[in-house]
Amino acid sequence: MSKRFLRFCAASVFALLPGLAGAEGFGFLPPVCTQSGRQIDHLYLTIFGIVVALFVLTEGTLLFCVFFFRQRKGRKAWSMHGNNVAEVVWTIIPALILGYILYLSSSLWTKLRIDEPSEKSNLVVECLAEQFDWNFRYPGPDGVFGTPDDVMTVNELHIPVDRTVILKISSKDVIHSFFFPYARVKQDAVPGLLTKVWFDVDRMGVWNLATQKPELVTLDQYNGMKVALDGFDLKDPVVNPDGLRDYSYAPSAGIKQVPVELDGKITQLPPDQAAYVAHPYEIACAQLCGPGHFAMEGHVVVQTQADFDNWLKTAPDLGPTFRQKWNEAWDSQHPEFNKPNP
Amino acid sequence: MSEQTISGTTAEAPHAGGGGHHHPQPTSFFRRYVWSYDHKVVGKQYLITSLCFMLLGGGLAMLLRWQIAYPFVPVPFIGHWLKGMFFFGNNGAITPEGYLELGAMHGLVMIFFVVIPLIVGGFGNFLIPLHIGAEDVSFPMLNALSYWLYAAASVPMLLSFFVDKGAAAAGWTNYPPLSDIAGASPSSLGLTLVLVAIYLAGFSSILGGVNFLVTIAKLRAPGMTWGRLPLLTWAQFITAVFQCLATPMLAAGASMLIFDRVFHTSFFLPSGLMVGGAAAANSGGGYPLLWQHIFWFYAHPAVYILILPTMGIASEILTTFSRKPVFGYKAMVISLASIMGLGFIVWGHHMFVSGMNPMLGMAFMVSTIFIALPSGVKVFNWLGTLWGGNIRFDSPMLFALGFISMFIIGGLSGIFMASTPADIYLHDTYYIIAHFHYIVFGATIFAVFGGISFWFPKFFGRMMNEPLAKLHWLLTLVFFNLTFFPMHFLGEAGHMRRLATSTDYEFLNSLAGLNVFITWSAYYLGLSQLIFVFNFFHSMFYGKKATENPWQGNTLEWTLPSPVPYYNFDVPPVVYRGPYEYSSEEAGDKDWISQSTPPVPGMTPAKH
Ligand code: HEM
Ligand SMILES: [Cu+2]
Ligand SMILES: [Cu+2]
């Protein structure tokens, strides 16, 4: 058994290393695709620095005491009941440090959650959570929710890059939580209640076909890449000897031509001409919502504005069941959810 | 009654145990060990029952970890026996429903049936009367009732495992609507039974709290002023305030949820709820976040119920083995009291992304950040206690040192989550799991182990086996950290909690190895506890006979024989000085002096 244990130790060290050495992220933090997410990471790192200092100070003192004040023959402990100066010092200094963390946190919180961006000038998407799917809805050409031209999707959120997107969230059954890890966004979906989040995605997800690894790129970088928009499949992962799953993309069976985007122009090319594949981000449910909770996965497809506009025009109609679902759980119950904020 | 003679009167009130007269010790087995009014027996009943439940709770955790490391792989041995029963599917693997059941019941058992009864019911009952120099608690019958309510609560809890669709499976927090509508949640009758169990356990906890408040306020021996109370008793006093003021909220919430489930009211169900394709029958007019407010208004104070008494235990042990007075007694009491004050206004930090108004989130962030302050002050004072000591490293001390260092880690991770923007990301991930296990296991359970070996002589009249206790400490410390420290990494990587498997997510892919590592560490951690189980029962019968005061302590329990006799104090004690006069001038050649040793003529006892 102990040999096996060592193997697990080794495996987990391997799991650790790429995280610690991560270029953009810190430690195990996954890559980040929003400006607001970068600010959260920055705050996290600032607190981390302070906490490490406090950790070293306190645990160091503990070890020091254990070593230098261990029992020795003939020694007597100091009979000391306390010291008011010390009490004041170690109340005031931590209070100042905590006050600093509070100051940083409250200004970022105000920016993220209290100052709402205007719904008039930004893209608004509605999100209806249910056991165990994410439903999304766009207002369609008339710009009004709850009308027949609305565009609906399931488990796939399309958004344009470099734009602020406001997501209006509710649930039709139990509480769920919309979690978009790369954006550092999380917001519960509560039945009967409308909650809102916004995010400003400025990185696009692509899959490097040469390395078979995901990458995050800016719009400028993306424009210089040959990215296949379709015609590739993410294959079932293969479990490697370290217990990790190896993911890879391959052209769909029998496909001859795939749409490849370069510099905003889309051309049909043979699959081997593409260097990258558009790779959506993952979203998850973070609030226990029933037996299917672990599989309540969705995706965020980040597109150029032109591709997004085009998608919105041609998105398939999901049919009457979905229209009815939205109508029953959202429009007829809470018509006020569809109204933009002033 | 006629035999109203021997007992003295205290400064403030007559002795307990029936208003100032001694009854002889009951001779029947039933009155002596089952329906006993003796606080020591009640304490031991609590201690042993809750330790048994700890084995149950721990066993559930072992199964949880199997599923996380080896999702949907049949569980060796156990899964084979129990195919198709409890949490297992027909192939002997844990089902997603079973996983949720394991998770919810692990949390509920550990909190309501292990830690609270263990540190309040067990240590509190046994030690408070001894610490204050009383014969018993103020209401001995209420005390017995409180234990038996707790025992009764375990019946529906245990029964729930056997009913159709199993026990509770909506998290230990039971958020509605998941916990509320039959069609939405995986469990049915089981969850109602568990709510009844929580209700009863809460009731038991309130009775215990009332009893402690009155006992500490009224039954202190002459000379035992508030400023001379041992810190453990102070901590129990403040915990009792929490129990009396917060637990009724749990009762209210549980009643509402039971009403929703059984009588189809809709306290927590808004209008127009659709489960699957159909409208939920009794939905209308309720508010799901109401439950979260009620629950956390109780459960945040409850997490302090889980730690305050053990802060007291740690203080007692640290001072005794440093041979030095507690540093900053007053600061310790003030910080306990401010934790209590602030503890009532921080509950919203569990709800930062729940949909609660973000302005409220801001307010809760302020209070939460500042609750770290008294916790910090306590840490600094513990370090001050060690500073300049003459430290002995017996097993209780090793556990108390473990307590401080694990508490530091758990407290520091709390700061990240108290910062609302960081908590947007960390909420509902393994970061939370790491945080509270550092506190509830790393700190609380460590102090419990330390406390058991410290007061074992008083409990059972014998010493625990020292080498075994030290081995247990070492293995527990190592495997505890190997199990729970990497959970910070999981949380940092965004790994959600309460997830039957993470294999659906590509962004969690690289964590599979880490999860396997954690699982094996957890198994070694679990196995290490068997050393304790053996040592506990073996020492109870075969341990070395203990002397009166094996650790040279000052507080009143160390003036009594080991084990403590039926009426505790033959002669009612008189207290002359504070509890921590180690190495004082008055102590002379020894480095300790008992609270009840009369002062040497010509020498004034220290004021403290
Ligand atoms: C330094 C002081 C502390 C701070 C600042 C702090 C902060 C927090 C915060 C903000 C959360 C919510 C995180 C989230 O769900 O997103 C939390 C969760 C929790 N804390 Fe603490 N905490 C502290 C001390 C403690 C103590 C002393 C205990 C218990 C003995 C404790 C037990 C818990 C538990 C059990 C949870 C998780 C409940 C759940 O969601 O299941 N914490 N803490
Ligand atoms: Cu969900
Ligand atoms: Cu809390």
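Reading the values: the criteria
- All residue numbers refer to position in the chain's written sequence, counted from 1.
- The lettering of chains begins at A and the numbering of ligands begins at 1, in the order of writing.
- The predicted nature of this model means local features are confined to residues of pLDDT at least 70 and side-chain atom pairs, given and counted, to a pLDDT of 80 or more, with totals for whole chains, interfaces and linings taken over all residues.
- Excluded from the side-chain calculations are hydrogens and water; all other atoms, namely the structure's heavy atoms, are used.
- In this text, helices come from DSSP runs of H or I with a minimum length of four residues, and strands from runs of E with a minimum of two, each type numbered from the N-terminal end.
- Here the radius of gyration uses the C-alpha set of atoms, whereas the globule reference equals 2.2 Å times the residue count to the power 0.38.
- Throughout this description, buried means an accessible area under 20% of the type-specific maximum (1.4 Å probe, protein chains only), exposed means over 50%, and partly exposed covers the range between.
- By definition, residues are in contact when any of their heavy atoms lie within 4.5 Å.
- For the accessible areas, the method is Shrake-Rupley and the probe is 1.4 Å, while residue cover comes only from the protein chains on display.
- For the purpose of counting charges, residues Lys and Arg are taken to be positive, whereas Asp and Glu are taken to be negative. His and the chain ends are not included.
- All charge positions are set by atom: Lys at NZ, Arg at CZ, Asp at CG, Glu at CD.
- Donor atoms (N, O, S) are those found within 2.8 Å of the metal centre, with the cutoff raised to 3.2 Å for Na, K and Ca; water is not part of the atom list, so apparent gaps in a site can occur.
- An automatic or database domain assignment provides the domain bounds reported here.
- A quick way to say it: buried area is the sum, across both parts, of accessible area lost when two parts are put together, with a 1.4 Å probe.
- Should a side-chain nitrogen of Lys or Arg be within 4 Å of a carboxyl oxygen of Asp or Glu, the pair is scored as a salt bridge.
- Pairs of N or O atoms are called polar contacts if they sit within 3.5 Å, as long as, within protein, a hydrogen donor faces a hydrogen acceptor (for residues adjacent in sequence, only side-chain-to-side-chain pairs).
- Nine residue types can take part in a nonpolar core, namely buried Ala, Val, Leu, Ile, Met, Phe, Trp, Tyr and Cys, and a core is a set of them joined through side-chain atoms within 4.5 Å.
- Under the grouping applied here, Gly and all other residues not named as nonpolar or charged are polar, the nonpolar ones being Ala, Val, Leu, Ile, Met, Phe, Trp, Tyr, Cys and Pro and the charged ones Asp, Glu, Lys and Arg.
- Whether two aromatic rings pair depends on their centres lying within 6.5 Å, for rings of Phe, Tyr and Trp, where Trp uses its six-membered ring; planes under 30 degrees apart make the pair stacked, over 60 edge-to-face, and the rest tilted.
- Throughout, the term near means that a residue has one or more heavy atoms lying within 4 Å of the molecule or strand in question.
- The pairing criterion is simple: DSSP has to find at least two bridges between the two strands.
- To get an axis, a line is fitted to the C-alpha atoms, and for a helix only the part in contact is used. The angle between two axes follows their N-to-C directions and goes from 0 to 180 degrees.

Enquirer: Looking at this structure, how should I read the overall build of chain B?
Expert: The helix and strand tally for chain B stands at 16 helices and 2 strands. Since a compact globule built from 608 residues should have a radius of gyration of about 25 Å, the 25 Å found for chain B is in line with a globular shape. Judged by the C-alpha coordinates and their principal axes, chain B covers about 85 × 55 × 50 Å. A burial count over chain B gives 69% of its 608 residues as buried. Long-range pairs, those at least 24 residues apart, make up 77% of the contacts in chain B between residues at least 6 apart in sequence. Split by element, the accessible area of chain B, about 18900 Å² in all, is 71% carbon and sulfur. Across chain B, the centroid of the 26 positively charged side chains sits 6 Å from that of the 26 negatively charged ones.

Enquirer: Help me out: how do you make sense of the coordination of the iron atom of ligand 1 in this one?
Expert: Geometry sets the ideal angles at a metal, namely 109.5 degrees for four tetrahedral donors and 90 or 180 degrees for six octahedral donors. There is one protein donor for the iron atom of ligand 1, and it is His435(B) (NE2), at 2.2 Å. Positionally, His435(B) belongs in helix H14 (residues 430-460).

Enquirer: For this particular structure, what's the right way to read the coordination of the copper ion (ligand 3)?
Expert: All names here are of chain B. In the first shell of the copper ion (ligand 3), the protein supplies His300 (ND1), His349 (NE2) and His350 (NE2), at 1.8 to 2.1 Å from the metal. Within one chain, the residues serving as donors to the copper ion (ligand 3) are arranged as H-x48-H-H. If you look at the copper ion (ligand 3) and the iron atom of ligand 1, they sit 4.6 Å from each other. Of the two residues, His300 is situated in helix H8 (residues 288-305) and His349 in the loop between helix H10 (329-343) and helix H11 (358-386); the sequence distance between them amounts to 49 residues. Note on His300: relative accessible area 4%, which makes it buried.

Enquirer: Hey, could you run me through the domain arrangement of chain B in this one?
Expert: The figure often quoted for interface size is the accessible area lost as the parts come together. Residues and elements named next belong to chain B. According to the domain assignment, chain B contains domain 1 (35-271 + 279-303), domain 2 (307-544) and domain 3 (547-608). In this structure, domain 2 and domain 3 have C-alpha centres spaced 31 Å apart. Residue-level contacts link 22 residues of domain 2 with 19 residues of domain 3. The junction of domain 2 with domain 3 conceals about 1600 Å² of combined surface from both sides, 58% of it contributed by carbon and sulfur atoms. On the domain 2 side of the interface with domain 3, the three residues burying the most area are Arg323, Lys458 and Met463, jointly 38% of the side's total. Here domain 2 and domain 3 share 1 salt bridge between them. For Asp591, the salt bridge goes to Arg323, with nearest N and O atoms at 2.9 Å. If you look at where domain 2 meets domain 3, you find 13 residue pairs in polar contact (both at pLDDT 80 or more).

Enquirer: Explain the nonpolar core here, please?
Expert: For soluble globular proteins, nonpolar side chains are generally found buried alongside one another. Judged by nonpolar contacts, the single largest core of 275 residues is most densely connected at Phe178(A), Phe180(A) and Phe199(A). Counting residues per element, this core draws most heavily on helix H4 (residues 96-132) of chain B, at 22 residues. Apart from residues lying up to four places away in sequence, Phe199(A) is in contact with Thr34(A), Leu157(A), Ile159(A), Arg163(A), Thr164(A), Val165(A), Leu167(A), Phe178(A), Phe180(A) and Val185(A). With 10 residues, the next largest nonpolar core counts Leu209(A), Ala228(A), Tyr249(A) and Val260(A) among its residues.

Enquirer: Help me out: how do you make sense of the interface of chain B and chain A in this one?
Expert: Of the residues lining the interface, 119 residues belong to chain B; the matching set on chain A comes to 102 residues. For the pair chain B and chain A, the summed buried area comes to about 9600 Å², and 69% of that belongs to carbon and sulfur atoms. Taken together, chain B and chain A are joined by 0 salt bridges. Ranked by the residues each element gives to the side of chain B that touches chain A, the list is headed by H11(B), at 17 residues. Considering only residue class, the side of chain B that touches chain A consists of 73 nonpolar, 32 polar and 14 charged.

Enquirer: I keep staring at the domain arrangement of chain A and nothing clicks. Help me out?
Expert: Residue and element names in this part refer to chain A. If you check the domain split of chain A, you get domain 1 (3-114) and domain 2 (122-342). Computed from C-alpha coordinates alone, the two centres of domain 1 and domain 2 are separated by 36 Å. With both sides pooled, the region where domain 1 packs onto domain 2 buries about 1500 Å², and carbon together with sulfur makes up 49% of that total. Among the residues of domain 1 in contact with domain 2, Pro31, Cys33 and Arg113 are the three that bury the most area, contributing 36% of the side total. At the boundary of domain 1 with domain 2, the tally comes to 2 salt bridges. The salt bridge involving Asp41 is made with Arg184; its shortest N-O contact spans 2.7 Å. Going through the elements one at a time, helix H1 (2-21), helix H2 (35-68) and helix H3 (84-114) are the ones with two or more residues in the side of domain 1 that touches domain 2.

Enquirer: What exactly am I supposed to notice about the packing of aromatic side chains here?
Expert: What describes a pair of aromatic rings is the distance from one ring centre to the other and the angle between the planes of the rings. Across all of its chains, the model carries 92 aromatic pairs over all chains by this definition. Note on Trp326(A) and Trp330(A): the rings are 5.2 Å apart at their centroids and 50° apart in plane angle, and the pair reads as tilted. With Trp326(A) and Trp330(A) both in helix H6 (residues 320-331) and 4 residues apart, this pair spans about one turn of that helix. Assigned by exposure class, Trp326(A) and Trp330(A) land together as buried. A ring pair is formed by Phe112(B) and Tyr298(B), whose centres lie 6.3 Å apart and whose planes are at 15°; its orientation type is stacked.

Enquirer: Help me out: how do you make sense of the pattern of salt bridges in this one?
Expert: It is possible for side chains of opposite charge to pair when their charged atoms get near one another. Residue and element names in this part refer to chain A. Going through the model one piece at a time under the given rule, you end up with 17 salt bridges over all chains. Between Glu126 and Arg137 there is a salt bridge, and its shortest N-O distance comes to 2.7 Å. Of this pair, Glu126 sits in strand S1 (residues 123-130) while Arg137 sits in strand S2 (residues 133-138); the two residues are 11 residues apart in sequence, bridging distant segments of the chain. Across the pair, exposure class does not vary: Glu126 and Arg137 are buried alike.

Enquirer: In this structure, what is going on with the site of ligand 1? I would like to understand it.
Expert: All names here are of chain B. Close to ligand 1 lie 22 residues, the nearest being Trp172, Val303, Asp423, His427 and His435. Here an oxygen atom of ligand 1 sits 2.7 Å away from a polar atom, N or O, in the side chain of His427. Looking at the shell around ligand 1, the elements that each hand over two or more residues are H8, H11, helix H12 (395-418) and H14. Considering only residue class, the shell around ligand 1 consists of 13 nonpolar, 7 polar and 2 charged.

Enquirer: I tried to follow the sheet that holds strand S5 (residues 163-171) of chain A on my own but got confused; where do I start?
Expert: In a beta sheet, neighbouring strands are held together by backbone hydrogen bonds and run either parallel or antiparallel to one another. All names here are of chain A. Pairing within the open sheet is mixed, and its 5 strands lie in the order S3-S2-S1-S5-S8. Whereas interior strands pair on both sides, the edge strands pair on one side only; in this sheet they are strand S3 (151-154) and strand S8 (195-201). Across the sheet, the mean angle separating the axes of adjacent strands is 25° when strand polarity is ignored. Inspection of the sheet shows S1 paired to S5 by 7 bridges, in the parallel sense. Its bridge partner being in S5, Leu128 is matched across the sheet by Ser170.

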